[in-house]
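Architecture at a glance
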Amino acid sequence: MGCLCSKPQGQAPPPLPLQGSTSPPSPSPTPPVAESRKSVKIIPLIISISIGLIVRFLVPKPAKVSMQAWQLFAIFLSTIAGLVLSPLPVGSWAFLCLTIAVITKTLSFSAAFGAFTNEVIWLIVISFFFARGFVKTGLGDRVANCFVKWLGKSTLGLSYGLTFSEVLISPAMPSTTARAGGIYLPIIKCLSLSVGSQPGHPSSRKLGAYLVQSQLQSAGNSSALFLTAAAQNMLGLKLAEQVGVIVSNQWVTWFKAASLPALVSLLLSPFILYHLYPPEMKNTPDAPSVARKRLKDMGPVKREEWVMIATMLLAVSLWISGEALGIASVVAAMLGLSILLLLGVLDWDDCLSEKLAWDTLIWFAVVVGMAGQLTTLGFITWVSNCVGDFLQSFSLSWPAAFAVLQASYFFIHYLFASQTAHVGALYSAFLAMHLAAGVPHVLSALALSYNTNLFGALTHYSSGQAAVYYGAGYVGLPDVFKIGFIMALFNAVIWISVGLFWWKILGFY
């Protein structure tokens, strides 16, 4: 069984969209101004602006909320509505809303741009460059093919090989979207097409549909296992600090708390899907030979791959021990990127061409800055107190309140097309609600962050990786929603039962 799907090494794929769009950007010969006008979506623009105007001028301001906080809340709602509805590209919309906040004197210039020096945001930006290094050097592809060679004789074994190879590289490649589009989808498509499993065809169920769903559903647990496996993890803990919840020794604490529930889910997810959404082909005896051929075509491990391995080991080691050594996570990432640039694994053009990283810098900083200012102005405290009083009126214990809030936070994601946008919009408020309801502080912060990873496979637009896998054409939309919901319930059962048992042992409550 031959495979003609291998991609040339040394070439990085184009940046992948963070929003849930599956359409690749199409080249346009029109001038930039004409393209910009064309990109404005009038109806989403009207809706996004109207939401803020209605809140500001038609909804009565609560007596305990200052006018500045209420006005900022209205602008923040318009910002989030625009991130969901996309009247403009997310970076453009975020900058426009930030400009309005400054023009209306809701925020001073220094307050509006204060989050642009946020360490976590720059750590996330640098993580995109690390991801490009994995793809450019072919190291991620090599690791995945090694697991296929070792475990790929059956469809189920093939699925476990792909799943655990992603677990291995995820702590040093903090972009689930890049892992999906740059490494795993090309391998899955190659293996599927080689056995006649074609997208958009009844043969898709032969192999491709199962592998796509298995990898997507497992990716959330891979991202939840390590603090540095996904951008939203680091953002969540930074927002927790703004609310007053400090997680000590973050990397180790995160991993200890996530280890048991995440590993249980990772072990069970491919097996559950194997029976829930079974592939027609149960054995893949030729998959290891395909992987061996791909590895042979790649040749021996190149110098750039060794540099990438050493640099990532250094970065992860510093992320783990950085607190004891007095080295911040972002400084460790800066050191790693500097090594990659100095030794030629990446060049500055690679960084400049990673448009998604710079786009993320803009809109992340805007959302995080506004959320932080809402906390500073007392708005988040007011919301949490109101929700806390409401929950207390039902005489709910903190475990019951914890369950209600976690479920609400999870299923609200049907309204979002990005995990990071969801975190920026709602994490601080929901964390404050947890605290007002008496839920232990660190447990609240970590559980919300883990939850953020698990809803990434809920729909075809719920995350960047979901859009990438859906765009491959192997899984129809009804199956996406059905499997997404069923696996969400499965993960909830695992993380609630195993997680709460484990967290009790660890002393989180």
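Here, every reference points to the structure presented above.
My aim in this report is to walk through the structure given alongside it, one point at a time. Here the residue numbering is sequential within each chain, running from 1 through the sequence in written order. Per-residue local features are limited, in this predicted model, to residues with pLDDT of at least 70; the limit for side-chain atom pairs, both in listing and counting, is 80 or more; totals at the level of whole chains, interfaces and linings are taken over all residues. Note that water and hydrogens are dropped before the side-chain values are worked out from all heavy atoms of the structure.

1. Things to note about the overall build of the protein chain
Each helix is a run of DSSP H or I of at least 4 residues and each strand a run of E of at least 2, with the numbering of both proceeding from the N terminus. Along its length, the protein chain carries 23 helices and 0 strands. Values of the radius of gyration come from C-alpha atoms, whereas the globule rule sets the reference at 2.2 Å times the count of residues to the power 0.38. At 23 Å, the protein chain has a C-alpha radius of gyration in line with the 23 Å of a compact globule built from 509 residues. In terms of overall dimensions, the protein chain has a C-alpha envelope of 70 × 55 × 50 Å along the principal axes. The cut-offs for exposure are 20% and 50% of the maximum accessible area for each residue type, with area from a 1.4 Å probe on protein chains only; residues under the lower value are buried, those over the upper are exposed, and the others partly exposed. Within the span of the protein chain, comprising 509 residues, buried residues form 56% of the whole. Two residues form a contact once any of their heavy atoms are found within 4.5 Å. Sequence separation of at least 24 residues holds for 80% of the intrachain contacts in the protein chain that already meet a minimum separation of 6. Computed with a 1.4 Å probe, the accessible areas rest on the Shrake-Rupley method; for each residue, only the protein chains presented here act as cover. For the protein chain, the accessible surface area stands at approximately 20,400 Å², while carbon and sulfur atoms represent 69% of it. Only four residue types enter the charge count, namely Lys and Arg as positive and Asp and Glu as negative; His and the chain termini do not. Note on charges: their place is set at NZ of Lys, CZ of Arg, CG of Asp or CD of Glu. Side chains of the protein chain carry 29 positive and 18 negative charges; the gap between the two charge centres is 5 Å.

2. Section: the packing of aromatic side chains
Any Phe, Tyr or Trp ring, taking Trp's six-membered ring, that has another such ring centre within 6.5 Å forms a pair; planes under 30 degrees apart are called stacked, those over 60 apart edge-to-face, and the others tilted. All chains considered together, the criterion is met by 29 aromatic pairs. Pairing Phe411 with Phe485 gives two aromatic rings, centres 6.2 Å apart and planes at 40°, and the pair type is tilted. Of the two residues, Phe411 is situated in helix α19 (residues 398-411) and Phe485 in helix α23 (residues 477-506); the sequence distance between them amounts to 74 residues. Given a relative accessible area of 34%, Phe411 falls into the partly exposed group. The partly exposed category is assigned to Phe485, whose relative accessible area is 36%.

3. Here's the deal with the side chain of Thr253
Within the secondary structure, Thr253 is located in helix α12 (residues 250-276). Those residues within four positions of Thr253 in sequence are excluded, and the remaining contacts are Val247, Ser248, Leu446, Tyr450 and Phe508.

4. So, the environment of Gly424
Checked against the element boundaries, Gly424 lands in helix α20 (residues 419-436). Owing to a relative accessible area of 5%, Gly424 belongs among the buried residues under this scheme. Setting aside residues up to four positions removed in sequence, Gly424 forms contacts with Phe76, Leu235, Leu239, Val367 and Ala371.

5. Focus on unusual backbone geometry
A positive phi angle, close to 60°, is found at Lys105, a residue other than glycine. Along the chain, Lys105 falls in the loop between α4 (90-103) and α5 (109-112).

6. Describing the pattern of salt bridges
Salt bridges are identified by distance alone: a Lys or Arg side-chain nitrogen within 4 Å of an Asp or Glu carboxyl oxygen. The full count for this structure, using the stated rule, is 11 salt bridges. Note that Arg294 and Asp141 form a salt bridge whose closest N and O atoms lie 3.1 Å from each other. With Arg294 in helix α13 (residues 287-298) and Asp141 in helix α7 (residues 139-151), the pair connects residues that are 153 residues apart, well separated along the chain. A relative accessible area of 5% places Asp141 in the buried class. Here Glu241 ties to Lys238 by a salt bridge, and the two come within 3.7 Å at their closest N and O atoms. Here Lys238 and Glu241 lie together in helix α11 (residues 231-243), a separation of 3 residues that amounts to about one turn.

7. What to know about α20
The span expected for a helix works out to 1.5 Å for each residue beyond the first. A rise of 1.5 Å per residue sets the reference length of α20, with its 18 residues, at 26 Å; its end C-alpha atoms lie 24 Å apart and thus fit the reference within 8%. Leu426 marks where α20 bends most, by close to 50°. Positive backbone phi, approximately 90°, marks Gly438, located one or two places after α20. Bend is the name given here to the angle between axes fitted to two runs of seven residues, the run ending at a residue and the run starting at it.

8. Digging into helix α22 (residues 464-471)
When you tally the buried positions in α22, you get 6 out of 8 residues, the bulk of the element. Of all the residues in α22, the buried ones are Gly464, Gln465, Ala466, Ala467, Val468 and Tyr469. Buried residues belonging to α22 abut α9 (176-194), α10 (208-225) and α20. Backbone geometry just downstream of α22 places Gly473 in the positive-phi region, at approximately 85°.

9. Topic: the packing of helix α17 (residues 355-376) against α20
Two elements in contact, α17 and α20, have axes whose closest approach is 9 Å; the angle formed by their N-to-C orientations is 5°. Put simply, α17 runs roughly parallel to α20. Note on element contacts: α20 touches α17 through Thr420, Ala421, Gly424, Ala425 and Ser428, opposite Trp363, Phe364, Val367 and Ala371. Gly is put with the polar residues, along with every residue not named as nonpolar or charged; the nonpolar set is Ala, Val, Leu, Ile, Met, Phe, Trp, Tyr, Cys and Pro, and the charged set is Asp, Glu, Lys and Arg. Residues belonging to the contact of α17 with α20 are distributed by class as follows: 6 nonpolar, 3 polar and no charged. Orientation is described by axes fitted as lines to C-alpha atoms, over the contacting stretch for helices, and by angles from 0 to 180 degrees between their N-to-C directions. For classification purposes, an angle smaller than 35 degrees is called roughly parallel, one larger than 145 roughly antiparallel, one from 65 to 115 roughly perpendicular, and anything else oblique.

10. Here's the deal with a nonpolar patch on the surface
Where nonpolar side chains cluster on the molecular surface, the patch consists of Leu267, Leu268, Phe271, Ile272, Leu276, Phe411, Phe485, Ile486 and Leu489 and spans about 700 Å² of accessible area. If you list the elements that add at least two residues to the nonpolar patch, you get α12 and α23. Residue contributions to the nonpolar patch peak at 5 residues, all from α12. Inspection of the secondary structure puts Ile272 in helix α12. Patch members must show over 30% relative accessible area and no salt bridge, and they are joined within 9 Å when carrying like charges or within 5 Å when they are nonpolar side chains of Val, Leu, Ile, Met, Phe, Trp or Tyr.

11. Concerning the packing of α10 against α22
Their axes nearest at 10 Å, the elements α10 and α22 cross at an angle of 180°. Accordingly, the angle class assigned to the pair α10 and α22 is roughly antiparallel. Within the contact between the two elements, α10 uses Val212, Gln215 and Leu216 and α22 uses Gln465, Ala466 and Tyr469. Residue composition of the contact of α10 with α22, by class: 4 nonpolar, 2 polar and no charged.

12. Comments concerning the environment of Ser289
Mapped onto the elements, Ser289 comes out in helix α13. Between the C-alpha atoms of Ser289 and Lys153, which are 136 residues apart in sequence, the distance is 9.4 Å. Within the local environment of Ser289, its side chain forms a polar contact with the backbone oxygen of Asp286, the two atoms lying 2.6 Å apart. For the purposes of these results, a polar contact is taken to be a pair of N or O atoms within 3.5 Å, where, inside protein, one atom must be able to donate a hydrogen and its partner to accept one; residues adjacent in sequence count only when each atom of the pair is a side-chain atom.

13. Digging into the side chain of Ser165
When you line up the elements, Ser165 lands in helix α8 (residues 155-169). On the accessibility criterion, Ser165 (0% relative accessible area) is buried. Within polar-contact distance, the side chain of Ser165 engages the side chain of Tyr184 at 2.9 Å. Excluding residues that lie within four positions of it along the chain, Ser165 makes contacts with Val143, Ala144, Phe147 and Tyr184.

Honestly, that's just the spatial picture; any functional story needs more than this.
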